[in-house]
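Coordinate inspection notes
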Amino acid sequence: MPKINWYPGHMAKTRRLLQEQLRVVDAVIELCDARAPLATRNPDLERLTRDKARILILNKADLASDSDTARWLECFRRQGLTAMRFNSNGGKIKDILARIAEATKPVADKYAARGVKKTIRMMVVGIPNVGKSTFINRLYGGSIVKAADRPGVTRSNTWVKLGPYMEIMDTPGMLPPRMDDQKSATLLAYLGSIRDEIMDTEELAGGLLQLLDQLNPEATRARYKLGENPGTEPHELLEAACRGRGWLMSGGRIDVDRASTLILDEFRAGKTGKITIEPLGR
């Protein structure tokens with residue numbers, strides 16, 4: 001697969017805005033994708049926010065392996081991070097709010113000692129397409145910020161009032177300016193955090209199919225009807241999937257374009273089952 005290096009111009013502006021707004025927030029909620037928790041964390045965000053109370057949310061946990069998520073949570077907690085799993089489409093809001101209250105208690109207590117009821121201001125950060133806007137909509141209890149299953153929808157910082165003394169800010173997704181770790185960059189591409197338009201979708205879908213077959217061959221071969229000996233190379237697996245699922249054109253020619261789009265869409269929507277594509281220690 002060709003080297004991935006995608007950094008839209010608006011992300012430099014995003015970084016400047018984030019640095020400015022950090023001065024007025026009390027806590028930072030960082031979202032990553034539970035299917036690839038390390039690859040979907042931007043080291044720049046960690047450095048920029050290290051002086052704030054922080055909560056790390058492994059989002060879309062309903063699409064990841066429960067056992068792998070548990071291992072990642074333990075790993076992050078050993079690093080001293082407050083980390084928890086969440087599903088933005090049905091997670092327990094009370095758990096998140098309780099963690100927020102716990103993380104921001106020192107700030108609230110400081111102002112309470114002066115007789116001031118402090119409005120806690122938080123910022124939600126993360127790379128594109130980890131579910132930040134959907135997460136805020138869940139906290140709010142309705143559709144207050146624009147959300148979509150593709151990167152680049154949020155283009156400006158947006159404040160949302162969650163209660164009389166709590167506000168939260170939605171921020172645009174921010175990728176690292178350099179992607180030296182091409183393995184992580186490829187995982188981001190599989191998850192849809194990098195626009196498909198700049199990728200070769202056939203190579204991307206073939207690589208994803210190969211990874212899924214390595215991690216969970218039984219489920220992958222059953223879903224895509226790959227047969228007993230489909231091969232191990234991306235193009236072999238992609239061709240086998242086309243024939244198995246009937247993605248064919250006239251004359252029995254394989255429809256690689258259609259297959260590539262559907263394989264990526266099905267994985268991102270969780271139709272391939274609960275799977276972690278960045279398992280810890282494997």
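Now for a description of the structure that goes with this document. In this text the structure is predicted, and so the values were computed from the model without any measurement.

**Here we look at the overall build of the protein**
For the protein, the count of helices and strands is 10 helices and six strands. With 282 residues in all, the protein has 48% of them scored as buried. Considering only contacts in the protein between residues 6 or more positions apart, those separated by 24 or more positions represent 67%. Summed over all atoms, the accessible surface of the protein reaches about 13700 Å², with 47% contributed by carbon and sulfur.

**Quick look at the packing of aromatic side chains**
Scanning the model with the defined rule gives three aromatic pairs in all. The interplanar angle of 25° and the centroid separation of 5.6 Å between the aromatic rings of Trp-72 and Phe-76 together place this pair among those described as stacked. One end of the pair is Trp-72 and the other is Phe-76, both in helix H3 (residues 66-78) and four residues apart, which spans about a single turn. As far as the burial class goes, Trp-72 and Phe-76 line up, both buried.

**Considerations on the packing of helix H7 (residues 201-215) against helix H10 (residues 256-268)**
The geometry of H7 relative to H10 is characterised by a closest axis approach of 9 Å and an angle of 50° between their N-to-C directions. For the element pair H7 / H10, the angle class is oblique. Regarding H7 and H10, the two cross each other, and that crossing is left-handed. Contacts between H7 and H10 involve Thr-201, Glu-202, Leu-204, Ala-205, Leu-208, Leu-209 and Leu-212 from the former and Val-256, Ser-260, Ile-263, Leu-264, Phe-267 and Arg-268 from the latter. Looking at the contact of H7 with H10 residue by residue, the classes come out as nine nonpolar, two polar and two charged.

Conventions used here
- Per-chain numbering applies: the sequence of each chain, read as written, is numbered from 1 onward.
- Residues qualify for local features only when their pLDDT is at least 70, as the model is predicted, and side-chain atom pairs are given and counted only at 80 or more; totals for whole chains, interfaces and linings, by contrast, use all residues.
- To get the side-chain values, take all heavy atoms of the structure and skip hydrogens and water.
- What counts as a helix is a DSSP run of H or I of at least four residues, what counts as a strand is a run of E of at least two, and both are numbered from the N terminus.
- Burial status follows relative accessibility: with a 1.4 Å probe on protein chains alone, a residue under 20% of its type maximum counts as buried, one over 50% as exposed, and anything between as partly exposed.
- In this description, contact between two residues means that some pair of their heavy atoms is separated by no more than 4.5 Å.
- Methods summary: accessible areas were calculated by the Shrake-Rupley approach with a probe of 1.4 Å, and residue burial reflects only the protein chains presented.
- Stacked, tilted and edge-to-face pairs are distinguished by plane angle, under 30 degrees for stacked and over 60 for edge-to-face with tilted covering the rest, among Phe, Tyr and Trp rings (Trp via its six-membered ring) whose centres lie within 6.5 Å.
- To obtain an axis, a line is fitted to C-alpha atoms, over the contacting stretch when the element is a helix, and the angle between two such axes runs from 0 to 180 degrees between their N-to-C directions.
- Roughly parallel means an angle under 35 degrees; roughly antiparallel means over 145; roughly perpendicular covers 65 to 115; every other angle is labelled oblique.
- By definition, any crossing whose near helix is turned counterclockwise from its far helix by less than a right angle is left-handed, and any crossing with a clockwise turn is right-handed.
- Note that Gly is not counted as nonpolar here; it falls among the polar residues with everything else outside the nonpolar set of Ala, Val, Leu, Ile, Met, Phe, Trp, Tyr, Cys and Pro and the charged set of Asp, Glu, Lys and Arg.

Keep in mind these values describe shape, not function.
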